[in-house]
Amino acid sequence: MATPVKKPWAILLCKFSDDPNDPSVTTVKDLAAQWRATASPEFIAGNLDATWDTDNRTILDLYELFFTTTGIFTNNIVDYFFTVCHQLVDVTGNQVFPITLPMTIAEGAAKALNPGGAAYQDMIFQKAKAELQNSYGVDWKDFYGVAVSFQSADNGSQGGIFDGGPGVFMDIRFVKSQGAARWGHEMGHGFGLDHSRTNLQNWSFCTGGAPNDYTDPYDVMSWNCNNKFADPNYGTSGPGMNAWNMRLMGGLDESRVWKSGSASAVSSRITLRPLHNLSSPGYLAAELPGIDGDSNYLVEFRVPQYWDAGIGGAGVIVHRYAQDNSRSFPNVNSYIMKGTNDQKLLGVGDVFEKGTGPFSRVKVVSIDAAAQTAVVALCYTPDAVTVPKVTIAFGAGISLDPCTTKVPVAGTIGAFSFKMTGLVCKKNYTVMWSVDGANTVAGQLNSQNTFSIVTPDPSVKVTVFITITFDDGMVITDSLSFNPITDQMAGWLYFICNLSHERLKPIPWWQWDPEKFRQIFSQYSRAEREHIAQAAEKILNAIKNAGGYLK
Ligand SMILES: [Zn+2]
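Numbers given to residues run from 1 along each chain, matching the order in which its sequence is written. The predicted nature of this model means local features are confined to residues of pLDDT at least 70 and side-chain atom pairs, given and counted, to a pLDDT of 80 or more, with totals for whole chains, interfaces and linings taken over all residues. The side-chain numbers reported here are obtained from all heavy atoms of the structure, hydrogens and water having been left aside.

**A word on the overall build of the protein chain**
When helices and strands are tallied, the protein chain shows ten helices and 26 strands. The burial tally for the protein chain puts 50% of its 551 residues in the buried class. Here the analysis covers contacts within the protein chain between residues at least 6 apart in sequence; of these, 63% occur between residues at least 24 apart. Looking at the protein chain as shown, the accessible area adds up to about 24900 Å², and 54% of this sits on carbon and sulfur atoms. Numbering of helices and strands runs from the N terminus; a helix is a DSSP stretch of H or I covering at least four residues, while a strand is a stretch of E covering at least two. Working definition: with a 1.4 Å probe on protein chains only, accessible area under 20% of the residue-type maximum means buried, over 50% means exposed, and in between means partly exposed. Whether two residues touch is decided by their heavy atoms; if any such pair falls within 4.5 Å, the residues are in contact. Accessibility throughout is a Shrake-Rupley quantity obtained with a 1.4 Å probe, and a residue counts as covered only by protein chains that appear here.

Here it is as structure tokens:
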């Protein structure tokens, strides 16, 4: 396991100089009462719910609990990054610093209008950082990131780069009501992540970013449209982070990722444990080569618990990532790769595949909800994928006798098998046999690997058919037509075969040990022998005339 990297944040809990509330005295309840008395009905409806009116935490308590190790058992942001980043991104060094800015509420409001926007936020960052130095003797550069968070309602709620460093600008309302769901997202921007997206989707029901932003319901970087759940301490939480975003911020334990390697073909079944369950043994993700210029695919198993409590059902998800150079920072987006039936969450039997060679494929074989395991079949080939070919063969298995009849004999049971070539990735398939011109053996299923018929008279033309249907819907077929042969003909062919077979050996058949010759001959009835002898003589004459060999 890699070494955890310390990435602490300085949380600058800001207030304007004429804000009367002391954050270590004023409670969340007090704040709610003030707002209910002074703010507009729209503001109250949009920001306050009943939990605010009974929340006895002081403002500072709320911040300490949410941002520092003090509240590590309350679903706070330290626990969030600790868990979803495989204990590799360490924010246990977070500290909260109450800051009084040298400007009044009115001055702040004026600056929020002009220059407004990012210029306003950068200016507030600079002032707050200066106060951090003045009041505490602390340099903001000793921290990985800085959050400026007002204890009053302020303008904007973003994460990214502020005043030259990773930062978040977002006030107390988002700590009290949106918790790890929102701070995980905005601090995620500070850690360099962009919004999560969906492959080949260029629209979203959600707004706020590029057209397909916020379209991964299973990732925190899709804040506007992902699967959150209600949290008693901080309003909202979840979901966790997808494997690509974890990797992008250095939070994926690579020793727990099954990797296919790149150049050669691979086909494997592995068991995945839930992505964020570092304490489970085994693989937490799997990696397959990307196709058509995609990054590699990361395959993950997610279950509805802990930070993922709101995701609904358990399932497997595939992601890639790409850089979006139309954006400055952050500009790395993860993309959820949908299954062959347009699913984002793959259930049992579902498949993700891409390419015609090279080709990558993921199939969910089974999910055990109780054991929290998912078995996935992973496959990659660098070669062109061809349509598989099926061929019917007479005979149920491999015969050691090379002279066994190649055509069914009238009145006997004829058994058929098939072989397949060009099959990539061990796709699942179903078999269906049928026959024209003959009866099947009673009680037999027509979906087995072999198929038997009662072989009719030689005058009847028989055709055996096979249809193979793959789990991705592809169908291939073969048929085999023949007229059965008589038992006598079969014996004759057997003899000729033995002759020609032995003829290939160093000693010509006419120099054989007479005993061996008798052995073969003795397997035939008198009538057969006469018949064979006549036929053999004709053949031998023909050979003599041609001066060649039996071929
Ligand atoms: Zn965002």
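There is more to say, and it comes next.
**Focus: the packing of aromatic side chains**
Put simply, two rings from Phe, Tyr or Trp (the six-membered ring, in Trp's case) pair if the centres are within 6.5 Å, and we call them stacked under 30 degrees between planes, edge-to-face over 60, tilted for the rest. The full count for this structure, using the stated rule, is 26 aromatic pairs. Aromatic side chains phenylalanine 16 and phenylalanine 150 sit 4.6 Å apart centroid to centroid with 20° between the ring planes, which places their arrangement in the stacked category. Taken as a pair, phenylalanine 16 in the loop between strand E2 (9–15) and helix H1 (28–38) and phenylalanine 150 in strand E5 (residues 145–150) lie far apart in primary sequence, 134 residues in all. Taking the relative accessible area as the measure of exposure, phenylalanine 16 reaches 5% and is therefore buried. Among the residues examined, phenylalanine 150 registers a relative accessible area of 1% and is labelled buried. Seen in terms of ring centroids, tyrosine 144 and phenylalanine 191 are 5.0 Å apart; in terms of plane orientation they differ by 25°. Their pairing is stacked. Of this pair, tyrosine 144 sits in the loop between helix H5 (105–136) and E5 while phenylalanine 191 is found in the loop between helix H6 (172–190) and strand E8 (197–198), placing the two residues 47 residues apart along the sequence. The class for phenylalanine 191 is buried, based on a relative accessible area of 6%. In textbook terms, an aromatic cluster arises when at least three aromatic residues are bridged by ring pairs, as seen for Trp9, Tyr80, Phe81, Tyr144, Phe191 and Trp307. Geometrically, a lysine NZ or arginine CZ counts as sitting over a ring once it is within 6 Å of the ring centre and also within 35 degrees of the ring normal. Over the ring of tryptophan 223 we find arginine 182; its NZ or CZ atom is 5.0 Å from the centre of that ring.

**Let's talk about the coordination of the zinc ion**
Listed donors are limited to N, O and S atoms within 2.8 Å of the metal, widened to 3.2 Å for Na, K and Ca; water is not among them, so incomplete-looking sites are possible. Every protein donor of the zinc ion is listed here as His185 (NE2), His189 (NE2) and His195 (NE2), and their distances to the metal cover 2.0 to 2.1 Å. All donors of the zinc ion belong to a single chain; written as a sequence motif, their spacing is H-x3-H-x5-H. Exposure class is identical for histidine 189 and histidine 195. Each is buried.

**Regarding the nonpolar core**
Judged by nonpolar contacts, the single largest core of 51 residues is most densely connected at Tyr63, Phe67, Ile77, Phe81, Trp183 and Met241. For this core, the elements supplying multiple residues, two or more each, are E2, H1, helix H2 (41–47), helix H3 (59–67), helix H4 (77–84), H6 and helix H7 (243–248). Those residues within four positions of phenylalanine 81 in sequence are excluded, and the remaining contacts are Val89, Val91, Gly184, Met187, Gly188, Phe191, Met241 and Met249. Judged by nonpolar contacts, the second largest core, of 23 residues, contains Cys14, Phe16, Met103 and Ile124. What makes a nonpolar core is a set of buried Ala, Val, Leu, Ile, Met, Phe, Trp, Tyr and Cys residues whose side-chain atoms join them at distances within 4.5 Å.

**Description of the sheet that holds strand E18 (residues 359–368)**
Criterion used throughout: strands pair if DSSP finds at least two bridges between them. Strands sit in the order E12-E19-E18-E17 across an open sheet of four strands; the sheet is antiparallel. Of all strands in the sheet, those bounded by a partner on one side alone are strand E12 (266–272) and strand E17 (351–354). Across the sheet, the axes of successive neighbouring strands diverge by a mean angle of 15°, strand direction being ignored. Here E18 runs beside strand E19 (residues 373–381); their pairing, made up of nine bridges, is antiparallel. The residue of E19 that forms the bridge with phenylalanine 359 is threonine 381. A fitted line through C-alpha atoms represents every axis, and for helices the fit uses only the stretch in contact; the resulting angles, taken between N-to-C directions, go from 0 to 180 degrees.

**Thoughts on the confidence of the model for the protein chain**
A low pLDDT score tells you not to read the predicted coordinates there in detail. Known as pLDDT, the predictor's confidence for each residue is given on a scale from 0 to 100. When pLDDT is averaged along the protein chain, the result is 90; 90% of the residues meet or exceed 70. Below pLDDT 50 for its whole length, residues 547–551 participates in five contacts with residues either more than four positions away or in separate chains. The ipTM value of the predicted complex is 1.00, and its pTM value is 0.80.

**A word on the packing of H4 against H6**
Look at H4 against H6: their axes get within 10 Å of each other, and the N-to-C directions meet at 65°. The two elements H4 and H6 cross, and the hand of that crossing is right-handed. Listed contacts from H6 to Ile77, Tyr80 and Phe81 of H4 are Ala180, Trp183, Gly184, Met187 and Gly188. Here the residues of the contact of H4 with H6 sort into six nonpolar, two polar and no charged. Helix crossings fall into two classes, left-handed where the near helix is turned counterclockwise from the far one by less than a right angle and right-handed where it is turned clockwise. When residues are grouped by polarity, Ala, Val, Leu, Ile, Met, Phe, Trp, Tyr, Cys and Pro land in nonpolar, Asp, Glu, Lys and Arg in charged, and all others, Gly among them, in polar.

**So, the pattern of salt bridges**
Should a side-chain nitrogen of Lys or Arg be within 4 Å of a carboxyl oxygen of Asp or Glu, the pair is scored as a salt bridge. By the definition in use, this model includes 19 salt bridges. In this structure, the salt-bridge partner of aspartate 171 is arginine 173, at a minimum N-O distance of 2.7 Å. When its relative accessible area of 1% is taken as the criterion, aspartate 171 is described as buried. Using a relative accessible area of 13% as the deciding quantity, one classes arginine 173 as buried.

**Section: the environment of phenylalanine 67**
Secondary-structure assignment places phenylalanine 67 in helix H3. Phenylalanine 67 gets classed as buried once you look at its relative accessible area, which sits at 0%. With 18 residues separating them along the chain, phenylalanine 67 and aspartate 49 place their C-alpha atoms 22 Å apart. The residues contacting phenylalanine 67, other than those within four sequence positions of it, are Ile11, Ile77, Val78, Asn94, Val96, Val175 and Trp183.

**With respect to the side chain of serine 295**
With respect to the helices, strands and loops of the structure, serine 295 is situated in the loop between strand E13 (285–288) and strand E14 (297–302). We classify serine 295 as buried; its relative accessible area is 15%. Contacts of serine 295, omitting those with residues within four sequence positions, involve Trp244, Gly290, Arg320 and Tyr321.

**Section: H3**
Buried within H3 are the following residues: Ile59, Leu60, Leu62, Tyr63, Phe66 and Phe67. All buried residues of H3 fall inside an arc of 160° around its axis, so they share one side. Looking at the buried positions of H3, the neighbouring elements they touch are E2, H1, H4, strand E4 (95–100), E5 and H6. Directions pointing from the helix axis toward each C-beta atom define the arc.

**Topic: H6**
Taking 1.5 Å of rise per residue, the 19 residues of H6 would be expected to cover 27 Å, yet its terminal C-alpha atoms sit only 18 Å apart, more than 12% below that figure. Along H6, the largest kink reaches about 120° and is centred on glutamine 178. The element H6 is largely enclosed, with a buried count of 19 among its 19 residues. Positioned one or two residues after H6, glycine 192 has a phi angle of 100°, which is positive. Given a helix with a known number of residues, its expected span is that number minus one, times 1.5 Å. Two axes are fitted around each residue, one to the seven residues ending there and one to the seven starting there, and the angle between them is reported as the bend at that residue.

**Examining the packing of H3 against H6**
In contact at an axis separation of 10 Å, H3 and H6 are set at 5° when each is read in the N-to-C sense. Our classification of the angle between H3 and H6 gives roughly parallel. Only Ile172, Val175, Lys176, Gly179, Ala180 and Trp183 of H6 make contact with H3, whose side of the interface consists of Ile59, Leu62, Tyr63, Phe66 and Phe67. Here the contact of H3 with H6 is composed, by residue class, of nine nonpolar, one polar and one charged. Orientation categories follow fixed angle ranges, with anything under 35 degrees roughly parallel, anything over 145 roughly antiparallel, 65 to 115 roughly perpendicular, and all other angles oblique.

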